[in-house]
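Report on the structure
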Amino acid sequence: EWCEPADEAKLVDRFMESMAGEKYRVLPSKALISVELLNSLLDQFSERITSKAATDAANPKILASLKKFDDASVMLAESSKPSKKGKGGKRGKGGKGGKSRDMDYDEPASFAPVLGPTFLAPDQVAAELANFELFKSAEPKEEETLGEIGDLLKKQLDEKYRIALEEEMRKKTQKSSKAQQRVDEDTINNLYNTIIQCEKGLKVFEDAIRGQIERHILKTLGTDLTKATFSVLAEEYECPYNVETSKMDSLVPYLPKDAKPHATSLISSVTSGSNVAEFLETYTALTDPQFTQLMVRKLDKKKERNLVFAKKQSLLESLKTEEKAGEILSIGSSLIFLKQHSAFLHVPGRCISAVLKIVSEDLPQEEKDMLDALQGEVVTDLRGDGEMGEERKTALRGLITDIVFGKKESEQ
């Protein structure tokens, strides 16, 4: 024998690799397969990849997996760059000849591998290959070769699949037009400042009633503001968040590390919280310019007065057209509260009596007695024990107008 069997095997491997070059690949079974054929096989998976990516782009778990994979890839790339570190922080001279001292290098950090979303498992790839026209007549002895080809293709298939998935994400999360962005921003700022105006009036309520009102504000206005803001953040961070169908916490994994606690806290506030001031503080932190391009502004005094005036006009228009006795009383309580405390009222129906008790304290006795009597008629109407007639509804509207503007002005 001219050499040992082990050495002979190594020589054969080297020979096969040299024969392969750029045109062929060597399979574990020592068979050669052309790169041209491999590319052709990859192309035959293209339609399936596109279809699967389009479906999976709506799956939050798969998209979260893709984000983790991308983040891990970036971290790995950064860690592979050696960082120079001089001994003692200085570059000193060596021994004879004055040669500079060698620089130290930090060891690259090690990370646990993140697989990310995959197209198909190796055995599934082999099964797909077996159905290709080229391999339909494959004998059982060639199944091992199909498996080897599948293993060879898997990495490229996964890469093509991830690229297709990212493309689908871009399609689904395209930026809104500038006009739509302005609408979103205006809506968000209006909600934000409305909650601020509601928070101003909370101090006049006793703790038990105040807690009910705060929970109501957070579950209604707070939820609307959070969802609208999350919709904007989802566009910025390319998350497939749908304000109508997605759970709010599906956005959190896509946010920067320092923003995640604020988003989670907001979700807790609107689902089970009872502190509007804390909600506003957390919201301000989440919408800090370091996390979003969204411009959320607290109004200056002039714009605040404009907002209050607009709210008053809106309530007055509703007062004129509303026909339900309960709603007329609710609108009226909001108008009187706005006049007395320069703050918005946003309360559940069960708290209207508590509101009227507070606003009645500053009314002349005659108006207070009339309001009590009309409130009693509304309660009777709501219970179904007697319908409040149009004449009495008109009287209720007139009383509210008198309280808000004063009798002389309202009679003019």
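In this report, we go over the structure that sits alongside the text. For every chain, the first residue of its written sequence is number 1, and the numbers climb from 1 along that sequence. A pLDDT threshold of at least 70 governs which residues receive local features in this predicted model, and a stricter bar of 80 or more applies before side-chain atom pairs are shown or counted, although totals over entire chains, interfaces and linings include all residues. Values shown for side chains rest on all heavy atoms present in the structure; no hydrogens or waters enter the calculation.

**Overview of the nonpolar core**
- In terms of nonpolar packing, the biggest core is built from 94 residues, with Phe45, Leu129, Ile149, Leu153 and Phe230 touching the most fellow members.
- Going along the chain from the N terminus, every DSSP run of H or I of four or more residues is numbered as a helix, and every run of E of two or more is numbered as a strand. Considering every element that reaches this core, the biggest residue donor is helix α8 (residues 207–236), with 9 residues.
- Two residues qualify as a contact provided that any one of their heavy atoms is within 4.5 Å of a heavy atom in the partner residue. Residue contacts for Phe45: discarding those within four places in its chain leaves Phe119, Leu120, Val125, Glu128, Leu129, Phe132, Leu153 and Leu157. Throughout, nonpolar core names a set of buried Ala, Val, Leu, Ile, Met, Phe, Trp, Tyr and Cys residues whose side chains join them through atoms within 4.5 Å. Three labels apply to residues, based on accessible area from a 1.4 Å probe with only protein chains included: buried if under 20% of the type maximum, exposed if over 50%, partly exposed otherwise in between.

**Focus on the layout of surface pockets**
- Computed from the structure, the largest pocket encloses a volume of approximately 390 Å³.
- The pocket and cavity definitions rest on a 1 Å grid over protein atoms only: a 1.4 Å probe that fits but cannot leave marks a cavity, an open set with protein on both sides within 12 Å along at least five of seven lines marks a pocket, and residues lining either have an atom within 4 Å of a point. Lining the largest pocket we find 20 residues, and of these Lys311, Leu315, Ser334, Leu345 and His346 sit closest to its centre.
- Counting only elements with at least two residues in the lining of the largest pocket, the list comes to α7 (178–200), α8, α11 (301–321) and α12 (325–341).
- If you tally residues by element for the lining of the largest pocket, the top one is α11, at 5 residues.
- Each residue receives one of three labels: charged for Asp, Glu, Lys and Arg, nonpolar for Ala, Val, Leu, Ile, Met, Phe, Trp, Tyr, Cys and Pro, and polar for the others, Gly being one of them. Looking at side-chain class alone, the lining of the largest pocket contains 10 nonpolar, 7 polar and 3 charged residues. Grid points are joined across faces, edges and corners, and a volume is the space filled by probe spheres set on the points.

**Some remarks on the packing of α12 against helix α13 (residues 352–360)**
- Helix axes are fitted to C-alpha atoms over the stretch in contact, other axes to C-alpha atoms as well, and angles between N-to-C directions run from 0 to 180 degrees. Between α12 and α13, the least distance of the axes is 10 Å, while the angle of their chain directions is 40°. By the angle between their directions, the pair α12 and α13 is classed as oblique. Crossing of α12 against α13: the hand is left-handed. Within the contact between the two elements, α12 uses Leu329, Ser330, Ser333, Ile336, Phe337, Gln340 and His341 and α13 uses Ile352, Val355, Leu356, Ile358 and Val359.
- Looking at the contact of α12 with α13 residue by residue, the classes come out as 8 nonpolar, 4 polar and no charged. Roughly parallel here means an angle under 35 degrees, roughly antiparallel means over 145, roughly perpendicular means 65 to 115, and every remaining angle is called oblique. Helix crossings fall into two classes, left-handed where the near helix is turned counterclockwise from the far one by less than a right angle and right-handed where it is turned clockwise.

**As for helix α2 (residues 35–44)**
- Listing the buried residues of α2 in full gives Val35, Leu38, Leu41 and Leu42. Burial along α2 is one-sided: seen end-on, the buried residues are contained in an arc of 120°. Along α2, the residues that are exposed and aim more than 90 degrees away from the buried face are Glu36 and Asp43. Each C-beta atom gives one direction from the helix axis, and the arc is the one those directions make.

**As for a positive patch on the surface**
- Only residues whose relative accessible area exceeds 30% and that take part in no salt bridge are eligible for patches, with like-charged residues grouped when within 9 Å of each other and nonpolar side chains (Val, Leu, Ile, Met, Phe, Trp, Tyr) grouped when within 5 Å. Reported accessibility uses the Shrake-Rupley method at a 1.4 Å probe radius. Residues are deemed covered only where the shown protein chains occlude them. For salt bridges, the criterion is a side-chain nitrogen of Lys or Arg within 4 Å of an Asp or Glu carboxyl oxygen. Under this rule, positive means Lys or Arg and negative means Asp or Glu; His and the chain ends count for nothing. In plain terms, the charge of a residue is placed at NZ if it is Lys, CZ if Arg, CG if Asp and CD if Glu. Taken together, the side chains of Lys298, Lys301, Lys302 and Arg305 define a basic patch exposed on the protein surface.
- Take Lys302: it is sitting in helix α11.

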